[in-house]
Amino acid sequence: MSVRIDATDRKILAELQRDASQSLDEIAKNVGSSKTPVWNRIRKLREAGVIGQQTVVLDAEALGFEACFFVLIRTSEHEADWQAKFLQALRDRPEVQEAHRLAGDIDYILKVRVQNARAYDTFYQALISEVRVHNVTALLSMEEIKSTTMLPLES
């Protein structure tokens, strides 16, 4: 479903990105509209798939997940069944926060969040026992400088 997004929709989306727990009254006030039109726009944007799942952002370190690894994977396998098995292995592992298929020398990059290096090794050993990969390089993030899910919605 295609939907036209105007300046008011963008303001509403920006408010929801900033804090989706705001009341409808707060969002309406912040975008300069009233409650019912804002609700109708939000409903329209949800139905169109512009607004997806609403979640809470947790502090990984506060919960003991102190290590973030970026895992570069090269494979010599490119068959459909290997790919399906690999993708399912990634989906089944909650440690994998993001997975991307890449153009270039590296086939996949994963963002893996675990408690420590030992937990990463457990993840790594489980992954390579399940799917065959040619080369794996793990890069430990020393410091997270910026992380956001917010899109730049300026019109």
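Small disclaimer: the values here were computed from a predicted structure and weren't measured. (Residues numbered from 1 in each chain as written. Predicted model: local features only at pLDDT ≥ 70, side-chain atom pairs only at ≥ 80, totals over all residues. Heavy atoms only, no water.)

Caption draft 1: Spotlight on the pattern of salt bridges. Here the structure, examined in full by the defined rule, presents 9 salt bridges. One salt bridge in this structure joins E77 and R132, with 3.0 Å as the shortest N-O distance. Of this pair, E77 sits in the loop between β1 (67-74) and α4 (80-91) while R132 sits in the loop between α5 (117-130) and β4 (135-140), and the two are 55 residues apart along the sequence. In this structure, E144 engages R113 in a salt bridge whose closest nitrogen and oxygen atoms are separated by 3.6 Å. Highlighted residues: E144 in the segment after β4 and R113 in strand β3 (residues 108-114), separated in sequence by 31 residues. Classification of E144 as partly exposed rests on a relative accessible area of 47%. Residue classification places R113 among the buried positions, given a relative accessible area of 13%. (Salt bridge = Lys/Arg side-chain N within 4 Å of Asp/Glu carboxyl O. Helix = DSSP H or I, 4+ residues; strand = E, 2+ residues; numbered from the N terminus. Buried < 20%, exposed > 50% of the residue type's maximum accessible area, 1.4 Å probe, protein only.)

Caption draft 2: Seen up close, helix α1 (residues 7-18). Helix length check: α1, at 12 residues, gives a terminal C-alpha distance of 16 Å against a target of 16 Å (1.5 Å per residue), a fit within 8%. Contact partners of the buried residues in α1: α2 (24-31) and α3 (35-47). Its side-chain oxygen 3.1 Å from the backbone nitrogen of T8, D6 forms the N-cap of α1. (Expected span 1.5 Å × (residues − 1). Contact = heavy atoms within 4.5 Å. Polar contact = N/O pair within 3.5 Å; in protein donor to acceptor, adjacent residues only side chain to side chain.)

Caption draft 3: Region of the structure containing the UniProt feature "domain: HTH asnC-type" (unreviewed entry) in the protein chain. The sites that carry the UniProt feature "domain: HTH asnC-type" (unreviewed entry) are, in the present numbering, residues 5-66. Its end C-alpha atoms 39 Å apart, residues 5-66 is made of 53% helix and 0% strand. (UniProt positions renumbered as here; feature names shortened; annotations may be inferred.)

Caption draft 4: Broad picture of the nonpolar core. One finds I73, L110, V112 and L127 to be the most contacted residues of the largest nonpolar core, which totals 19 residues. Secondary-structure elements contributing two or more residues to this core are β1, α4, β3 and α5. Those residues in contact with L127, other than ones at most four positions away along the chain, are I73, A89, L90, R93 and L110. (Core = buried A, V, L, I, M, F, W, Y, C linked by side-chain atoms within 4.5 Å.)

Caption draft 5: Highlighting α4. For α4, built from 12 residues, the straight-helix expectation of 16 Å at 1.5 Å per residue is met to within 8% by its first-to-last C-alpha distance of 16 Å. Residues of α4 that are buried include every one of W82, F86, A89 and L90, and no others. Projected down its long axis, α4 shows its buried positions confined to an angular sector of 100°, all on one face. Exposed side chains of α4 directed beyond 90 degrees from the buried face belong to A80, D81 and R91. The elements touched by buried residues of α4 are β1, β2 (96-101), β3 and α5. (Arc of directions from axis to C-beta.)

Caption draft 6: Seen up close, the packing of aromatic side chains. Within this structure, the stated rule accounts for 6 aromatic pairs. Seen from their ring centres, W82 and Y108 are 6.2 Å apart, and the 45° between their planes marks the pair as tilted. Highlighted residues: W82 in helix α4 and Y108 in strand β3, separated in sequence by 26 residues. For the residue pair W82 and Y108, the accessibility class agrees, reading buried in each case. Summarising the aromatic geometry, the rings of Y120 and F123 are spaced 5.9 Å apart at their centres and angled 45° between planes, so their arrangement reads as tilted. (Phe/Tyr/Trp six-rings, centres within 6.5 Å; stacked < 30°, edge-to-face > 60°.)

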